[in-house]
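An overview of the molecular structure
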Amino acid sequence: LPMCRAMPKLELHAHLNGSIRAATLLELARERDEDCTELENILKKDKRSLPETFKLFGLIRILTTDHRVITRITREVIEDFAAENTIYIELRTAPKNNSAVGMTKRSYMESVKVGLDIAAPVSPIHVRLILSIDRRETTEAAMDTVRLACELRKEGWDIAGIDLSGDPAIGEWTTFAPALMFAREQGFPLALHCGEVRNSEDIRSMLAMRPERLGHVCCLDNYEWEVLLASRIPVEVCLTSNLATQSVPSIEEHHLAVLLKSDHPIAICTDDTGIFATSLSRELALAASCLALKPEEVTTLARSAIDFAFAESSVKRTLHQTFDSRAQKLL
Ligand code: 5GP
């Protein structure tokens, strides 16, 4: 773990609200006079089913509804990643409307930006944003998110791409496909949550779309595996999350080994550091121990994430230089 902590790292799959500090979440709950027993109990468990996880996201959503809180969480998340030597992060979040507090998708994103701006001078890390479409949304709401991404990019924001996430038990592929196609037409790379539960229609439609990256891919059948491996679509691997939500029964049975053996492009990611009580260093250490990697192989694994970042080649060149100069000191 100390080597993984010191290693320069890239985070390609982290959800803003899922990366909230547990202490902040409890503090916000207490501020609202909430009985925190249930929250504390869920946070204490190291395994929680996917439905329990989404119950927790529901609770977080209630507690993080105002602009000030979103700004605070953003700052803290960036500080936490920077503190463990993350040099680049594509932070994803679903823009939210909440008329009760005068929040629009745009004002939500603006409060994220304020958090980034506060963190920037003290946290040396290259931050880019991925806008998420939540599976609970309608086609029109999903289109709004892509339109907002277009507007923000035009205004000079560093928007890396578009994600599809949210409770995999909810929503139909046909609802999101138009917005994802529109995002692609607008030149945004796509990162889709795929195969967290068995849903062949979703999985096969996603594979057919050939997004730039896929997250999780836990519940694919043999045919879908073949298509995935042939496609060379990079996979964002989130070990602790997959184990905690029981999308994968045990670390020994995790598909990371198969992916690596097939020389498939992968990036080790956290998903939700707050929800799953993990960090990027821990995830890298877990992958290293699960695959019995030598220190040079851990470095290669961490470095390879640069290739799958949604970044221009000039940014990647700089990342390679930064990574190499910092990693060299470790070996
Ligand atoms: P937010 O977009 O609100 O900043 O981050 C939290 C949201 O990300 C959750 O409410 C959920 O919609 C999505 N999310 C976080 N982790 C996961 C995950 O493991 N799987 C899926 N499908 N969605 C997730």
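Described below are features of the structure shown in this document.

**Here we look at the site of the ligand**
Lining the immediate surroundings of the ligand are 19 residues, of which Thr93, Lys96, Glu196, Asp271 and Asp272 lie closest. Contacts to the ligand include asparagine 17, whose side-chain N or O atom sits 2.9 Å from an oxygen atom. Between the ligand and the protein, one listed contact pairs an oxygen atom with a side-chain N or O atom of threonine 93 at 2.6 Å. Considered on its own, the ligand offers 510 Å² of accessible surface; in the complex 97% of this is hidden by protein.

**A word on empty space enclosed by the protein**
Applying the stated criterion to the full structure yields 2 cavities of 30 Å³ or more. What the largest cavity holds in volume is close to 90 Å³. Lining the largest cavity are 14 residues; nearest its centre among them are Arg135, Pro168, His193, Gly195 and Asp202. Ranked by the residues each element gives to the lining of the largest cavity, the list is headed by helix α9 (residues 200–209), at 3 residues. Looking at the lining of the largest cavity residue by residue, the classes come out as 6 nonpolar, 5 polar and 3 charged. Each pocket or cavity is described by its volume, and for the second largest cavity that value is around 70 Å³. Where the lining of the second largest cavity is concerned, the elements lending two or more residues are β1 (9–15), α13 (280–290) and α14 (295–308). Per-element accounting of the lining of the second largest cavity gives the leading share, 3 residues, to α14. Classifying every residue of the lining of the second largest cavity gives 7 nonpolar, no polar and 1 charged.

**Digging into the pattern of salt bridges**
In the structure shown here, the tally under the stated rule is 27 salt bridges. The salt bridge involving aspartate 163 is made with arginine 92; its shortest N-O contact spans 2.8 Å. Of this pair, aspartate 163 sits in strand β4 (residues 159–165) while arginine 92 sits in strand β2 (residues 86–93), and the two are 71 residues apart along the sequence. Side by side, aspartate 163 and arginine 92 carry an identical accessibility label, which is buried. When the shortest N-O distance is used, the salt bridge between glutamate 140 and arginine 147 registers 3.3 Å. On the accessibility criterion, glutamate 140 (46% relative accessible area) is partly exposed. Taking the relative accessible area as the measure of exposure, arginine 147 reaches 33% and is therefore partly exposed.

**What to know about the packing of helix α7 (residues 139–154) against helix α8 (residues 173–185)**
Viewed as axis vectors pointing N to C, α7 and α8 meet at an angle of 20 degrees, and their least axial separation amounts to 8 Å. Classified by the angle between their axes, α7 and α8 sit roughly parallel to one another. The hand of the α7/α8 crossing is right-handed. Taken together, the residues of α8 that come into contact with α7 (itself represented by Thr139, Ala142, Met143, Val146 and Arg147) are Thr175, Pro178, Ala179, Phe182 and Ala183. Residues of the contact of α7 with α8, tallied by class, amount to 7 nonpolar, 2 polar and 1 charged.

**Section: helix α15 (residues 313–328)**
In an α-helix there are 3.6 residues to a turn, and that puts residues three or four apart on one side. Look at α15: 22 Å from first C-alpha to last across 16 residues, which is about the 22 Å you get at 1.5 Å a residue. The secondary structure elements touched by the buried residues of α15 are β1, β2 and α14.

**Looking at α9**
Listed as buried for α9 are Asp202, Ile203, Ser205, Met206, Leu207 and Met209. Where α9 is buried, its residues touch β4, α8, β5 (190–194), β6 (213–216) and α10 (222–231). Once α9 finishes, arginine 210 follows within two positions and takes phi at roughly 50 degrees, a positive value.

**Structural notes on unusual backbone geometry**
Phi at asparagine 85 takes a positive value of approximately 65 degrees, unusual for a residue other than glycine. In this structure, alanine 277 is a non-glycine residue whose phi angle is positive, near 45 degrees. The residue alanine 277 is located in the loop between β8 (266–268) and α13 in this model. Here alanine 277 falls in the exposed class, since its relative accessible area comes to 60%.

**Section: the side chain of histidine 15**
As for its placement among the helices and strands, histidine 15 is situated in strand β1. The class for histidine 15 is buried, based on a relative accessible area of 14%. When sequence neighbours within four positions are dropped, the list of residues in contact with histidine 15 reads Leu91, Arg92, Asp163, Ser165, His193, Asp271 and Asp272.

Each value, and the rule that gives it
Residues numbered from 1 in each chain as written. Predicted model: local features only at pLDDT ≥ 70, side-chain atom pairs only at ≥ 80, totals over all residues. Heavy atoms only, no water. Near = heavy atom within 4 Å. Polar contact = N/O pair within 3.5 Å; in protein donor to acceptor, adjacent residues only side chain to side chain. Areas by Shrake-Rupley, 256 points an atom, 1.4 Å probe, with all protein chains shown as cover. 1 Å grid on protein atoms, 1.4 Å probe; cavity = no way out; pocket = protein on both sides within 12 Å on 5 of 7 lines; lining within 4 Å. Points joined across faces, edges and corners; volume = space filled by probe spheres on them. Helix = DSSP H or I, 4+ residues; strand = E, 2+ residues; numbered from the N terminus. Nonpolar A, V, L, I, M, F, W, Y, C, P; charged D, E, K, R; others polar. Salt bridge = Lys/Arg side-chain N within 4 Å of Asp/Glu carboxyl O. Buried < 20%, exposed > 50% of the residue type's maximum accessible area, 1.4 Å probe, protein only. Axes fitted to C-alpha atoms, helices over the stretch in contact; angles between N-to-C directions. Parallel < 35°, antiparallel > 145°, perpendicular 65-115°, else oblique. Left-handed = near helix turned anticlockwise from the far one by under 90°. Contact = heavy atoms within 4.5 Å. Expected span 1.5 Å × (residues − 1).

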